[in-house]
Amino acid sequence: MTSPAISPPAPASRVQIACRGLGLLFPLVVLDPLPVWSAPPAGHRLPVRTGEGHNLLALRWDGPHDIDGEVLATLDEAANQAPHPPVSDAELAQYQEALDDHLRLTALPASCILGPWSPSAGLSLLHTGDRP
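These figures come from a predicted structure and were not determined experimentally.

Q: Sorry, what's going on with the overall build of the protein chain here?
A: Along the backbone of the protein chain there are 3 helices and 6 strands. Scanning the protein chain from its N terminus toward the C terminus, one meets helices and strands in the order β-β-β-β-α-α-β-β-α. Buried positions account for 36% of the 132 residues belonging to the protein chain.

Given below as structure tokens:
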């Protein structure tokens, strides 16, 4: 007797959870895992790829705090459209302009990233600031 075909598990989401202090958690996708990014210089709004950078380029959600499957899918889809590093300033700006209003490119240290985003009740409560 042959066993029925088993479909492979769905790929894990690339969305991770990050925190920049004060317990404010947000979902993101790392676009460039090399620590060669810096915060935007004065007068600019996009991260800059430099030889002296120490952060990862990430795409973060900064919209409403009620994170659901649609938000996670939006992050995944936008990450799939990202240009592959190394990215020119013009490509980065063009990509940011094409993003959903609640998505932002940011440069974060790896220490801010806490691990895979999981839809647990505890995580949801932490993220929205609600308490049981």
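Back to the text.
Q: For this particular structure, what's the right way to read the confidence of the model for the protein chain?
A: Low pLDDT marks regions whose predicted coordinates should not be analysed in detail. Confidence in the prediction of the protein chain, expressed as mean pLDDT, is 83, and 80% of residues score 70 or more. Per-residue pLDDT stays below 50 along residues 7–11; that stretch engages in 0 contacts with residues further than four places along the chain or on separate chains. Overall, residues 124–132 carries pLDDT values under 50, and its contacts beyond four positions in sequence, including any with other chains, amount to 14 contacts.

Q: Sorry, what's going on with the nonpolar core here?
A: As a rule of thumb, nonpolar side chains are buried together in soluble globular proteins. Counting residues in each nonpolar core, the largest one holds 26 residues, and the members touching the most others are Leu-31, Leu-59, Tyr-95 and Leu-105. Of all the elements in the fold, those that place two or more residues in this core are β1 (16–19), β2 (25–38), β4 (55–61), α1 (69–80), α2 (89–98) and β5 (103–108). The element that contributes the greatest number of residues to this core is α1, accounting for 5 residues. Each residue touching Leu-59, except ones within four places of it in the same chain, is listed here: Pro-27, Leu-28, Val-29, Leu-31, Leu-75, Ala-78, Ala-79, Tyr-95, Leu-99, Leu-103, Arg-104 and Leu-105. In terms of nonpolar packing, the next biggest core, distinct from the first, is built from 9 residues, Val-30, Leu-56, Leu-108 and Ile-113 among them.

Q: Just to check I follow, could you spell out α1 for this structure?
A: Taking 1.5 Å per residue as the helical rise, α1 with its 12 residues ought to reach 16 Å, and the 16 Å between its terminal C-alpha atoms agrees with that figure. Within α1 the residues assigned to the buried category are Val-71, Leu-72, Leu-75, Asp-76, Ala-78 and Ala-79. Considered in projection along α1, the buried side chains sweep an arc of 165 degrees and stay on one side of the axis. Summarising the geometry of α1, the exposed residues directed more than 90 degrees from the buried face are Glu-70, Glu-77 and Asn-80. With a side-chain oxygen positioned 3.1 Å from the backbone nitrogen of Glu-70, the residue opening α1 is Asp-68.

Q: What's the story with the packing of aromatic side chains in this structure? I'm lost.
A: To describe a pair of aromatic rings, one takes the distance between the centres and the angle between the planes. The tally for this structure, following the rule as stated, stands at 0 aromatic pairs. Sitting over the face of the ring of Phe-26, Arg-60 holds its NZ or CZ atom 3.6 Å from the ring centroid.

Q: What is the right way to read the pairing of β1 from this model?
A: Each regular strand displays side chains that alternate between the two surfaces of the sheet. Sheet analysis places β1 next to β2, joined by 4 bridges and oriented antiparallel. Each bridged residue has a counterpart across the sheet, and for Cys-19 the counterpart in β2 is Leu-25. Remark: 5 residues form the turn of the hairpin made by β1 and β2, two consecutive strands paired antiparallel; Gly-21 in that turn has positive phi of roughly 105 degrees. Note that β1 and strand β6 (residues 113–116) share 3 bridges and pair antiparallel. Residue Ala-18 lies in a different strand from β6, and its bridge partner there is Ile-113.

Rules used in this analysis
- Residues numbered from 1 in each chain as written.
- Predicted model: local features only at pLDDT ≥ 70, side-chain atom pairs only at ≥ 80, totals over all residues.
- Heavy atoms only, no water.
- Helix = DSSP H or I, 4+ residues; strand = E, 2+ residues; numbered from the N terminus.
- Buried < 20%, exposed > 50% of the residue type's maximum accessible area, 1.4 Å probe, protein only.
- pLDDT = per-residue confidence, 0-100.
- Contact = heavy atoms within 4.5 Å.
- Core = buried A, V, L, I, M, F, W, Y, C linked by side-chain atoms within 4.5 Å.
- Expected span 1.5 Å × (residues − 1).
- Arc of directions from axis to C-beta.
- Polar contact = N/O pair within 3.5 Å; in protein donor to acceptor, adjacent residues only side chain to side chain.
- Phe/Tyr/Trp six-rings, centres within 6.5 Å; stacked < 30°, edge-to-face > 60°.
- Lys NZ or Arg CZ within 6 Å of the ring centre and 35° of its normal.
- Pairing = 2+ DSSP bridges.

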